[in-house]
Amino acid sequence: MNERDLRNQIADVKAGRLSRREFVQRMIAVGLTAPMAGTMLAHSGVAFAADSMEYKPTKAGAGGPLKLLFWQAPTLLNPHFANGTKDQEASRLFYEPLAGWDADGNLVPILAAEIPSKENGLLAADGMSVTWKLKQGVKWHDGKPFTADDVIFNWEYSVNPDTAAVSVGSYRGIKAIDKIDDYTVKLNFKQPTPFWADPFVAAYGLIIPKHLFADYIGAKSREAPANLKPVGTGPYVYVDFKPGDSIAAKRNPDYHQANRPYFDSVEVKGGGDAVSAARAVLQTGEYDYAYNLQVEDEILTKLEAGGQGKAQLTVTGHIEYIALNVTDPWTEVDGERASVKTKHPFFTDPAVRKAINLLIDRASVQKFIYGRAGVATANFLNNPERFRSPNNKFEFSIEKANLILEEAGWKKNSSGVREKDGKPIKLVFQTSINAPRQKNQAIIKQAFQKAGIEVELKSVVASVFFSSDPANPDTYPHFYCDMEMYQTTMPQADPQFFMNQFTSWEVASKENKWQGRNISRWQNKDYDETYKQASSELDPVKRAALFVKLNDLVVQDNYILPEINRRNCIGLKNGMVANKSGWDNDLWQIANWYRET
Amino acid sequence: MGNYLLRRLIVAVPSLLGISLILFVLLALAPGDPFGELASNPNIPPEVREALRIKFGMDDPIMVRYFRWLVAMIHGDWGFSFASRVNVDTLILQRIPATLYVVGTAQLLALIVAIPVGVLAARRPYSIFDQIANTFAFIGFSLPTFFTGLLLILVFSVNLGWLPFVYRADIPATGWMWWWENFKQAVMPVTVLGLYQAASYTRYVRSAVLDVIKLDYVTTARSKGLDESKVIVKHVVRNALIPVVTLVALQMPTVFGGAIVTEQIFRIPGIGSLLISAILANDTPVIMAVTFVFACLVVLFNLIADILYGWLDPRISFR
Amino acid sequence: MAGLTHASPSVETAVAPAAKKRRFSPGRDAVRRFLRHRMAAVSIVVLALLALAIVVGPWIWRVPINEIDFTARLAPPSWDHPFGTDDLGQDLLARMIYGGRISLAVGFAAMAVGLFVGVVIGAVAGNSKGPVDAALMWLTDLFLSLPQLPLLLLVIYLFRDLLKGLVGPEGGTFVLIVLVIGGFRWMPVARLVRAQFLSLREKEFVEAARALGASNFRLVTRHILPNALGPVIVAGTIDVAAAIIAESTLSFLGLGFPPDIPTWGRLLFDAKDYLDIAPHWALFAGGAIFLTVIAINFIGDGLRDALDPRKVM
């Protein structure tokens, strides 16, 4: 798909021949994100859809307690320090951003009065600035007014290197923020920024009050009492917090949206495991919501039969990959295995990579392991002319793989393993410990064996596999084996950060202490060029076309084998109405949650 | 005796220092760091992890870090958790009530069940009672707690709906209802843990009693016409208690240390679940604090056991 | 008090006359006592049958352990799959047979390591005074307070590749697992043995033997140790079960065998979430562990009775 295809489709949306949702789904199918699709439409004159939030209660309160269950317990409530989604979700009870992303890629105002666009003049044509108008009359839980100073403070707080805030990625592109008046801020970027809706938006954009954190910026950030006793603008007010265990909150009577929130109090309970969390919501109905149910679909279906609740799935950009090592992990060069100075003994042969791609039974992995929670995807895009159903885009064929290997000169030896020049294909395949991944490994190993490829499976405990410890050879960036499987998350609405993981300057190596994000060490000049072009392209449609090209470049070389596009799965008790989005936190619209009677 | 106690207590100080040093070095060398989740998130630049490493003092040499920890500890500063940035002592104090309640009750239950059952079983070995007690004990320790816990949940929470399986430290009720709710939510974890523990205790008690019950002095006591229950309590049990005391002393520190698996299954906010989540997140200050307190208790109870041996068998001399 | 009272005439005369012809020996006497313990004898047979099934099984039941069959997922027992299948449609009987080899080997080897280390340390500590005892008890306390998980991760990190190089991947993992499990289970045994020693070495019969000039080594091995074995046997029998289960935890940490290799503990662990969907999965693994534990415990009971000549049957 090229720029022209994109333009045609946008025209279809404009003319009403294609629904907005359908367009967004197609963009996701080619590896883009819903927010990006939304931005493309907005840029082409299709405005973000109006607030379609369904909300029936006619007054705030009277909903009783809302009981949320997180099997990974929240440990801190300052969104700038969030260790992971669990902490972001919990912060969302108390703090809010200027705007959030809905499931269809619409930017929905929360603390903003309106969404900037070229039409309303808030968005600069050169991509160098954006102006946000803030909602007036919003109060912090302690009664102080929410103003432009708070917004500016959050930028200063986050970019201070001594604060070491995890949100810095979203804020460091800002050169200065002008305070136009108490309720208007103008963000000036360091360079033309096509994706302007990142700072102060969604999960990393939650705003903390200046008056409580101003004295605790930088090195003293840990000492702020409000780290543990949040004071925000959100629909619920802090009552109690036990890190790693529970949170209690009560309704904010002064909340800035009329008739909201519905529930009188919120109880968050953390800990345990995902299966029993699903049980507590779907089967026994002890809780109203369960977070991130990474549970085999078979079990979920069985628990749903309990009749108390349903599992609900939302599209995300998370992709389960298999990466083939470009370098040789078994030869040490200058004290480093898998050095870019080496070449992998088998994978340099494109036939081997092609055969391997054919040996991954994505359909079965989807059907029997992930079920509703993952959609098989091999190539983001196989056929540029037309879109097909994602299920037709990949192939699983042991015969074809055998044929390809045979033709390429890999003959079976006496023990049934294919070899060439006396080198039998024996691979080590590692992943983190996680029940679905081990089953996935077993399925792949069997297919490989049938094609004469011997595989040794290895699994590494997740806290080691995903650590950034330069001394440990078992981490995924070291990649001291032939193949590995893991999920790259796209917590970001914009794919730019996501796609830099295949640029040549990100190659993980001893030199950068394996902090580089290009794990497979795949390098391609064309890719690097296209990536640079995409990062400065202001026209969202052109930019999207470039990202599609980037996807193709990676995927068609068969070193990176996408397998499953994960869905975010949550459990909701029957009657609960919760607006969900895969591009923002589950609790992004917690103010609008209610229970149908 | 007093002299002996004093000497042991003085020796305990360097031995605990040694243990703390080994624990610290071990945790520092153990693979992994607390930034795993940050590392796999493309939105968070590596500089943030680097800044955090420096901020948390993780790049200094191990010995420097150890002495810093030791000096702070002597001043009563336990450090702060990397995961929640809360002071470690606050975190531990939050977890102690639930741990003492659940694990303490379970240990108590185990002893209350195991000692009489073990003694009775040994009094008539291979009787029906002994066979039944043994079979239960075998089931008890051949099934892991992750399994029995789940089994109880399926029966009592899912099928019968009698008991809750999510433990809550903050029960909203007051008065009698509060007690009742607390009792209900503790039934399953206490049973799982207590019976697992009781199973092995029973076997040890039975074996220890069998060791003494046929000794001459017991026969003598009986033939003197002493009441059977008196013989058992005064002559048999007291002499059989040495292994039992050893075992109980071994288990007491876990009343503080919590039970990782059981706490995880029932979501009990105890020390065990704090420890396991700290370990999974490589939250070293928390792991260090919990294991060090645990080590102190181990040393303390070992000492108590040694003193009890002397009381149970006066021939064991104090050195 | 085997060392002193082994020539108890009352017991000897109770035996059938045929036995009289043979020279009396405490060893033979023990065997006879053991065999008279009916459950123990049965248990030996059961354990032997289990071992036989595991060794010979693969030649009789030739279904591969990792044959994935999506059409027969979570199937209950049938003629095709006597033990049913798991969630990938793999045959559970084949997996039980294969897993049994590892589980039983690990269980017994780890128990042996744990008991050996525990008895040696406990005996040395209980028999010596002053600094040796203090040092060994310090070591015991240290091991009791070590947090297992980080230590295990450190062990994998430091030694896995080394051992793999030395004994090959399978053997290396086996040695590592046995050492790790055994290395973490000797402390209670050491404490128990030491406590028994403290008490026993002051007893009259030991005094008597000492007065007769028995060497320290002889005192320990012939007089004190046999009398301290009661809790050791119990600990040993409990440890086998604990080791089989501990192995499943280890493979869950990535320290154990590769993830596609089944063991009993692992089968039980994998089955737990399917307990209400496919109970057969957990049933056979749990049952096998239970059967092994029961057999070992009865053998343990038989042993202690056999070693205790005062016991009249």
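Residues numbered from 1 in each chain as written. Chains lettered and ligands numbered in written order. Predicted model: local features only at pLDDT ≥ 70, side-chain atom pairs only at ≥ 80, totals over all residues. Heavy atoms only, no water.

## Quick notes on the overall build of chain C
Then comes step 1: For chain C, the count of helices and strands is 15 helices and zero strands.
Then comes step 2: Counting all 313 residues of chain C, 57% fall into the buried class.
Then comes step 3: Contacts in chain C between residues far apart in sequence, at least 24 positions, make up 70% of those at least 6 positions apart.
Then comes step 4: Of the roughly 13,100 Å² of accessible surface on chain C, a fraction of 71% belongs to carbon and sulfur atoms. (Helix = DSSP H or I, 4+ residues; strand = E, 2+ residues; numbered from the N terminus. Buried < 20%, exposed > 50% of the residue type's maximum accessible area, 1.4 Å probe, protein only. Contact = heavy atoms within 4.5 Å. Areas by Shrake-Rupley, 256 points an atom, 1.4 Å probe, with all protein chains shown as cover.)

## Some details on the pattern of salt bridges
Then comes step 1: This model, assessed by the stated rule, comprises 38 salt bridges over all chains.
Then comes step 2: A salt bridge links Lys 86 of chain A to Asp 87 of chain A, with the shortest nitrogen-to-oxygen separation between them at 3.4 Å.
Then comes step 3: With a shortest N-O distance of 3.6 Å, Lys 272 of chain C and Asp 273 of chain C are connected by a salt bridge.
Then comes step 4: Within this structure, Arg 8 and Asp 306 of chain B together with Asp 133 and Arg 194 of chain C form a network of salt bridges that share partners. (Salt bridge = Lys/Arg side-chain N within 4 Å of Asp/Glu carboxyl O.)

## Here we look at the environment of Asp 264 of chain A
Residue and element names in this part refer to chain A.
Then comes step 1: Its place among the elements puts Asp 264 in the loop between β8 (246-251) and β9 (265-270).
Then comes step 2: For Asp 264, a relative accessible area of 32% translates into the label partly exposed.
Then comes step 3: It is 5.1 Å that separates the C-alpha atoms of Asp 264 and Gly 64, two residues lying 200 residues apart in sequence.
Then comes step 4: If we ignore the near neighbours within four places in the chain, the residues touching Asp 264 are Gly 61, Ala 62, Gly 63, Gly 64, Lys 250 and Arg 251.
Then comes step 5: Within the local environment of Asp 264, its side chain forms a polar contact with the backbone nitrogen of Gly 63, the two atoms lying 3.5 Å apart. (Polar contact = N/O pair within 3.5 Å; in protein donor to acceptor, adjacent residues only side chain to side chain.)

## With respect to the sheet that holds strand β16 (residues 418-420) of chain A
Residues and elements named next belong to chain A.
Then comes step 1: Spatial ordering of the open sheet is given by β15-β16-β17, a layout of three strands whose pairing is antiparallel. In the strand order of this sheet, the two ends are held by β15 (411-412) and β17 (423-424), each with one partner.
Then comes step 2: In this structure, β15 lies alongside β16, joined through two bridges in antiparallel fashion. The partner of Lys 411 across the bridge, within β16, is Glu 419. (Pairing = 2+ DSSP bridges.)

## Observations regarding the packing of aromatic side chains
Then comes step 1: In this structure the tally under the stated criterion is 41 aromatic pairs over all chains.
Then comes step 2: Judged by centre distance (6.3 Å) and plane angle (40 degrees), the ring pair of Phe 81 of chain A and Tyr 157 of chain A falls under tilted. Of this pair, Phe 81 of chain A sits in the loop between β1 (65-70) and α4 (85-91) while Tyr 157 of chain A is found in helix α5 (residues 148-159), placing the two residues 76 residues apart along the sequence.
Then comes step 3: Residue Tyr 157 of chain A is classed as buried on the basis of its relative accessible area of 0%.
Then comes step 4: Between Tyr 66 of chain B and Phe 67 of chain B the ring centres are 5.4 Å apart and the planes differ by 70 degrees, which places this aromatic pair in the edge-to-face class.
Then comes step 5: Given a relative accessible area of 4%, Tyr 66 of chain B falls into the buried group. (Phe/Tyr/Trp six-rings, centres within 6.5 Å; stacked < 30°, edge-to-face > 60°.)

## Describing the interface of chain A and chain B
Then comes step 1: Taken together, the 61 residues of chain A in the interface contact 46 residues of chain B.
Then comes step 2: Counting each side, the surface lost to burial between chain A and chain B is near 4,400 Å², with a carbon and sulfur contribution of 51%.
Then comes step 3: One can count one salt bridge joining chain A with chain B.
Then comes step 4: Glu 267 of chain A is the partner of Arg 168 of chain B in a salt bridge, and the nearest nitrogen-oxygen pair spans 3.1 Å.
Then comes step 5: Taken together, the links from chain A to chain B amount to 13 residue pairs in polar contact (both at pLDDT 80 or more).
Then comes step 6: The set of elements that each furnish at least two residues to the side of chain A that touches chain B consists of β1, α4, α6 (168-171), β7 (236-242), β9, α8 (274-283) and α14 (462-465) of chain A. (Buried area = accessible area lost by both parts, 1.4 Å probe.)

## A closer look at the nonpolar core
Then comes step 1: Ranked by size, the top nonpolar core spans 223 residues in total, and within it Leu 68, Leu 93, Tyr 289 and Trp 593 of chain A together with Trp 264 of chain C carry the most contacts.
Then comes step 2: It is helix α8 (residues 175-213) of chain B that provides the largest number of residues to this core, a total of 15 residues.
Then comes step 3: Filtering out sequence-adjacent residues up to four positions away, Leu 93 of chain A remains in contact with Leu 68, Gly 234, Pro 235, Tyr 236, Val 266, Val 268, Leu 587 and Ile 590 of chain A.
Then comes step 4: The next biggest cluster of nonpolar side chains, apart from the first, holds 116 residues, and it includes Ile 319, Val 326, Leu 427 and Val 541 of chain A. (Core = buried A, V, L, I, M, F, W, Y, C linked by side-chain atoms within 4.5 Å.)

## What about the interface of chain B and chain C?
Then comes step 1: Taken together, the 56 residues of chain B in the interface contact 57 residues of chain C.
Then comes step 2: In this assembly, chain B and chain C are joined by three salt bridges.
Then comes step 3: Across the pair Arg 203 of chain B and Asp 301 of chain C runs a salt bridge whose closest N-O atoms are separated by 2.8 Å.
Then comes step 4: In this assembly, chain B and chain C are joined by six residue pairs in polar contact (both at pLDDT 80 or more).
Then comes step 5: Breaking the side of chain B that touches chain C down by element, the ones donating at least two residues are α1 (2-29), α6 (128-142), α7 (145-159), α8, α10 (228-257), α12 (271-280) and α13 (284-312) of chain B.
Then comes step 6: Looking at which element gives the most residues to the side of chain B that touches chain C, the answer is α13 of chain B, with nine residues.
Then comes step 7: Partitioned by chemical class, the residues of the side of chain B that touches chain C number 35 nonpolar, 12 polar and nine charged. (Nonpolar A, V, L, I, M, F, W, Y, C, P; charged D, E, K, R; others polar.)

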